[in-house]
Amino acid sequence: MDRWKKKLDQSLGEEIGYTEKGLDGDTVSKLLITRAWREQLKADVALINKKGAEALPAGAITKASVYAMMPFDNSALLLDVKGADLQAALENPEAVVSGATQQGKTWKIDGKPLDPAATYKVATVEYLYFGGDNFALQKAAPEPTETGMDWRTPVVEWLQQQKTSQKDPLEKKLK
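Residues numbered from 1 in each chain as written. Predicted model: local features only at pLDDT ≥ 70, side-chain atom pairs only at ≥ 80, totals over all residues. Heavy atoms only, no water.

**Some thoughts on the sheet that holds strand 6 (residues 100–103)**
Taken in spatial order, the three strands make up an open sheet running 6-7-8, and their pairing is antiparallel. At either end of the open sheet lies a strand with only one pairing partner, and these are strand 6 and strand 8 (112–113). Bridge analysis of strand 6 against strand 7 (residues 106–109) gives four bridges, and the strand direction is antiparallel. Following the sheet pairing, threonine 101 is matched in strand 7 by lysine 108. (Pairing = 2+ DSSP bridges. Helix = DSSP H or I, 4+ residues; strand = E, 2+ residues; numbered from the N terminus.)

**Regarding the nonpolar core**
Generally speaking, soluble globular proteins have nonpolar side chains that are buried together. Trp37 and Val155 are the most contacted members of the largest nonpolar core, which totals 50 residues. Among the elements that line this core, the one with the most residues is helix 2 (residues 25–41), at six residues. Discounting residues that sit within four places of it in the chain, tryptophan 37 has contacts with Lys42, Ala46, Leu47, Ile48, Ala123, Thr124, Val125, Trp151, Pro154 and Val155. (Core = buried A, V, L, I, M, F, W, Y, C linked by side-chain atoms within 4.5 Å. Buried < 20%, exposed > 50% of the residue type's maximum accessible area, 1.4 Å probe, protein only. Contact = heavy atoms within 4.5 Å.)

**Some details on the packing of aromatic side chains**
Summed over all chains, the structure comprises two aromatic pairs. Judged by centre distance (4.9 Å) and plane angle (80 degrees), the ring pair of tyrosine 129 and phenylalanine 130 falls under edge-to-face. (Phe/Tyr/Trp six-rings, centres within 6.5 Å; stacked < 30°, edge-to-face > 60°.)

**Topic: helix 4 (residues 83–90)**
Those residues of helix 4 that fall on the buried side of the exposure criterion are Gly83, Leu86, Ala89 and Leu90. The arc that holds the buried residues of helix 4, viewed along the axis, is 115 degrees, so those residues lie on one side. (Arc of directions from axis to C-beta.)

Limitation: the analysis is restricted to geometry and does not speak to function.
Here it is, written out as C-alpha cells:
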C-alpha cells in the first residue's frame, strides 16, 4: 500500500502551473474553469454554477490543488443546445459562463447576437444537466455527449499547456 500511496502523492503533487496572488472562488469559476473548458472541449459556451469552485491559493499549482479547487465529483458533458434554451440557462442566477456575454438584454456568443434557432455546443457538468440549481438542460439536450472525463481533467490539461511559472504567472494568461 505504501508503494501506491507514494505513486498517488507523486502524481497529485506534480507542479502544473504557478499563480502569483492566487484566485478567489469567483475568479476561478469565471476565468479559469470555464475558459479551460471552452478551449479544451472546443465548445461555444462553458457553463458551470457559482457554488462549484473554491479559491486557488498563491504559489505552485499542483493536480492536488486543482482537486481542492474543484472539490465535487462531476463528469464533463457536451450538449447541443438551441439558442432559446441556452438563453434560459444563461439567465439562471447561478450560471457562470465563458463564451457568452450580456449587453443589456441581449446575449452574445463570441461577439455575435445569440440566435434562438441556432444550435450551440455547450460544455457543462452532469449535476447541472440533471437539474441541479434549477437548470433545465436535460430537456434542452436529451442526448448529451459523454466526454468520459472528470470535470477537472480539462482544467489540468489547460494549465499544463499554459506553462506558467514565477516569471510568467497564471494571472497574465487570464487577462
